[in-house]
Amino acid sequence: LDPLARHPAPAPSVQEEIHFTYDDHQAATALQDVPGQPNRIRALRTQKHKLALYFDPQGRAAAEYEMYDLERDPDERHNLVDRASGEPQAGPDRGLRSELGERLESLMAANGTSPPPGALR
């Protein structure tokens with residue numbers, strides 16, 4: 001890693017955001033004490049914010065959402081959006097929710113990780 005650490009023109013950041021995905025296809029099937037649906041996650045994390053979408057690929061369970069301001073709430077205790085609808089809890093977060101939602105949709109489309117048709121209800 002030494003050549004990377006000594007790069008002549010290092011970038012201020014490797015990337016602006018991280019696209020996190022997790023597909024737990026065995027949740028609620030192997031053990032009794034594991035979570036059921038929705039158990040697929042698509043998330044966007046920036047240095048300051050996180051938006052997560054949880055969905056059931058079969059569309060039987062409703063999608064769930066989380067959004068956090070990681071500077072004000074590093075322990076992610078205050079969800080800034082309604083868990084069931086994904087709508088902001090407060091007006092000032094509406095623009096942030098829209099921006100992060102667009103960025104997440106773009107990342108999912110670019111990486112082939114978009115939920116299947118009918119999964120979001």
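Each remark here, short or long, concerns the structure printed above.
A brief look at the structure comes next. The structure displayed is predicted, hence computed values, not measured ones. (Residues numbered from 1 in each chain as written. Predicted model: local features only at pLDDT ≥ 70, side-chain atom pairs only at ≥ 80, totals over all residues. Heavy atoms only, no water.)

## What about the sheet that holds strand β1 (residues 18–23)?
With antiparallel pairing, the four strands of this open sheet are ordered in space as β1-β2-β3-β4. The open sheet has two edge strands with one neighbour each: β1 and β4 (64–69). Sheet twist, expressed as the mean angle between neighbouring strand axes with direction ignored, is 10 degrees. In this structure, strand β2 (residues 40–45) lies alongside strand β3 (residues 49–55), joined through six bridges in antiparallel fashion. In the sheet register, Arg40 faces β3, and the bridge partner there is Phe55. Strands in contact with helix α2 (residues 94–111) are β1, β2, β3 and β4; relative to β3, the strand with the most contacts, it is inclined by about 60 degrees. (Pairing = 2+ DSSP bridges. Helix = DSSP H or I, 4+ residues; strand = E, 2+ residues; numbered from the N terminus. Axes fitted to C-alpha atoms, helices over the stretch in contact; angles between N-to-C directions. Contact = heavy atoms within 4.5 Å.)

## Thoughts on the pattern of salt bridges
Under the counting rule described, the total for this entry stands at nine salt bridges. When the shortest N-O distance is used, the salt bridge between Arg83 and Glu64 registers 3.8 Å. Linking Arg83 in the loop between β4 and α2 with Glu64 in strand β4, this pair joins segments that are 19 residues apart in sequence. Judged by relative accessible area, Arg83 falls into the exposed class, the value being 53%. By relative accessible area, which is 25% here, Glu64 ends up partly exposed. Through salt bridges with shared partners, one network takes in Glu17, Glu99 and Arg103. (Salt bridge = Lys/Arg side-chain N within 4 Å of Asp/Glu carboxyl O. Buried < 20%, exposed > 50% of the residue type's maximum accessible area, 1.4 Å probe, protein only.)

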